[in-house]
Amino acid sequence: MVSMKDISVVCGVSVATVSKALNNHSDIGIETKEHIKQVAKEMGYFPNSAAKALKTNRTYNIGVLFVDDDQSGLTHDYFAYVLDSLKSTAEAKGYDITFINGCKTRPNRMSYLEHCRYRGFDGVVIACVDFYAPEVLELVRSNIPTVTIDHMFNNVCAIMSDNIKGMRDLLHYIYRKGHRKIAYIHGADSAVTQSRLSSFYKTMAELGLEVPDEYISEAAYRDTQKTFIETERLLDLKDRPTCILYPDDFACFGGINAINERGLRIPEDISVVGYDGIRAARHIEPQLTTLRQDTRKLGQEAAEKLISLIEHPKTTIMEQIIVEGEVFHGKSVADLTI
């Protein structure tokens, strides 16, 4: 393994000068610095990560806790894009990311906090978990810098989608299309669901629209089987809705299947609306109307905020950053005003 001493011998300088050059110190000449870097590269020198960690008190490694209920992992369309943006932003700033082991059936499994300390993570991003689980709360309350995505704790930085505005914008778009009977199959109970459901009721009231109890039901996010069943129930109503909102785009596919099996047409016979703006929804026919979330910005903000907490703990403000999405009009909502 090539050492700084080896480089110093070839370059005819001291080990201290080599160290300064490789760490971009400003008290040596640019030509000398570039020469040393070039020699180091040609000799195949790589800094020892353990030594760097001892010197800087950082490992430049960020933990990611991501455990969704249906075990979809990185096939989870929405979070896959958020985490991809998180990864690219962190790597651009010199950090690696490592997933925290969430397999509860693994023998001798560590807790989330134990895993973080064992790996020496500089900080942690938490997304798509049971935020009220004791293990998660233990991690959040520890001294490890933490950022959450789509969930708020006191005194913890959070990156939040603007679910209130997102739902309001969707409903206003549907209303402008002439719809007055709008049903909502919402997701399972969570902070995200509560925000969207509250915004749904508030916006419907502002628009002067009634919401019959039978128009509201629940299906877990990404649960196509339950949305299939709930859609059939809505279609059987004597006074059925003209438009159905779904928990997310993926779950919406279950509703679309139920409508197709009845021989009904979208949007001519009934309109459907998703949420998230996943790419697959843009490639079905008709193209799905949905609320497209800014996954790139969500991941970027999470990485930048966490790295700020790691590198500037005394001056980084604990805050909630709200990221807006936008309505993707698609072609799955009929215009009843024509």
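Bear in mind the structure is a predicted one, so any value in this text is a computation, not a measurement. (Residues numbered from 1 in each chain as written. Predicted model: local features only at pLDDT ≥ 70, side-chain atom pairs only at ≥ 80, totals over all residues. Heavy atoms only, no water.)

Novice: For this particular structure, what's the right way to read the packing of aromatic side chains?
Specialist: Centre distance and the angle of the planes are the two values used to describe a pair of aromatic rings. Evaluation of the coordinates by the stated rule reveals seven aromatic pairs. Ring geometry for Tyr60 and Tyr95: centres 5.1 Å apart, planes at 50°, overall tilted. Of this pair, Tyr60 sits in the loop between α4 (49-56) and β1 (61-66) while Tyr95 sits in the loop between α5 (77-92) and β2 (96-99), placing them 35 residues apart in sequence. The burial state of Tyr60 is the same as that of Tyr95; both residues are buried. Ring plane angle 35° and centroid distance 5.1 Å describe the contact between Tyr184 and Phe200, whose orientation is recorded as tilted. A residue pair is termed long-range when its members are at least 10 positions apart, and Tyr184 in strand β6 (residues 182-186) and Phe200 in helix α9 (residues 191-206) qualify at 16 residues. Owing to a relative accessible area of 1%, Tyr184 belongs among the buried residues under this scheme. You can call Phe200 buried: its relative accessible area is 0%. By the ring-pair criterion, three or more aromatic residues cluster together here, those being Phe66, Tyr78 and Phe79. We note Arg180 situated over the ring of Tyr175; from NZ or CZ to the ring centre the distance is 3.7 Å. Taking the ring centre of Tyr275 as reference, the NZ or CZ of Arg196 above it sits at 3.7 Å. (Phe/Tyr/Trp six-rings, centres within 6.5 Å; stacked < 30°, edge-to-face > 60°. Helix = DSSP H or I, 4+ residues; strand = E, 2+ residues; numbered from the N terminus. Buried < 20%, exposed > 50% of the residue type's maximum accessible area, 1.4 Å probe, protein only. Lys NZ or Arg CZ within 6 Å of the ring centre and 35° of its normal.)

Novice: Looking at this model, I keep getting lost on the sheet that holds β1. Mind explaining?
Specialist: One key point about sheets: their strands pair by backbone hydrogen bonds, in either a parallel or an antiparallel sense. Within the open sheet, the six strands sit side by side as β2-β1-β3-β4-β5-β11. Their pairing is parallel. Whereas interior strands pair on both sides, the edge strands pair on one side only; in this sheet they are β2 and β11 (320-323). For this sheet the average axis-to-axis angle between neighbouring strands, irrespective of direction, equals 20°. As paired elements, β1 and β2 share four bridges and run parallel to each other. Note on β2: the bridge partner recorded for Asn61 is Asp96. Most of the contacts of helix α12 (residues 295-311) go to strand β5 (residues 157-161), to which it runs at about 170°, and overall it touches β1, β3 (123-127), β4 (146-149), β5 and β11. (Pairing = 2+ DSSP bridges. Axes fitted to C-alpha atoms, helices over the stretch in contact; angles between N-to-C directions. Contact = heavy atoms within 4.5 Å.)

Novice: What's the story with the environment of Leu139 in this structure? I'm lost.
Specialist: Position of Leu139 among the secondary structure elements: in helix α7 (residues 134-140). For Leu139, a relative accessible area of 0% translates into the label buried. In sequence terms Leu139 and Val39 are 100 residues apart; their C-alpha atoms lie 44 Å from each other. Not counting chain neighbours up to four residues away, the residues in contact with Leu139 comprise Leu65, Tyr112, Leu113, Cys116, Val124, Ile126, Ile144 and Thr146.

Novice: Explain the packing of helix α8 (residues 163-176) against α9 to me, please; I cannot follow it from the model alone.
Specialist: A packed helix pair is summarised by two numbers, namely the angle formed by the two axes and the spacing between the axes. Across the interface, α8 lies against α9 with an axial gap of 8 Å and an inter-helix angle of 40°. In terms of their interaxial angle, α8 and α9 are classed as oblique. Where α8 crosses over α9, the handedness of that crossing is right-handed. Taking contact as the criterion, the partners of Asn163, Ile164, Met167, Arg168, Leu171 and His172 in α8 are, on α9, Val192, Ser195, Arg196, Ser199, Phe200, Thr203 and Met204. The residue makeup of the contact of α8 with α9, split by class, is six nonpolar, five polar and two charged. (Parallel < 35°, antiparallel > 145°, perpendicular 65-115°, else oblique. Left-handed = near helix turned anticlockwise from the far one by under 90°. Nonpolar A, V, L, I, M, F, W, Y, C, P; charged D, E, K, R; others polar.)

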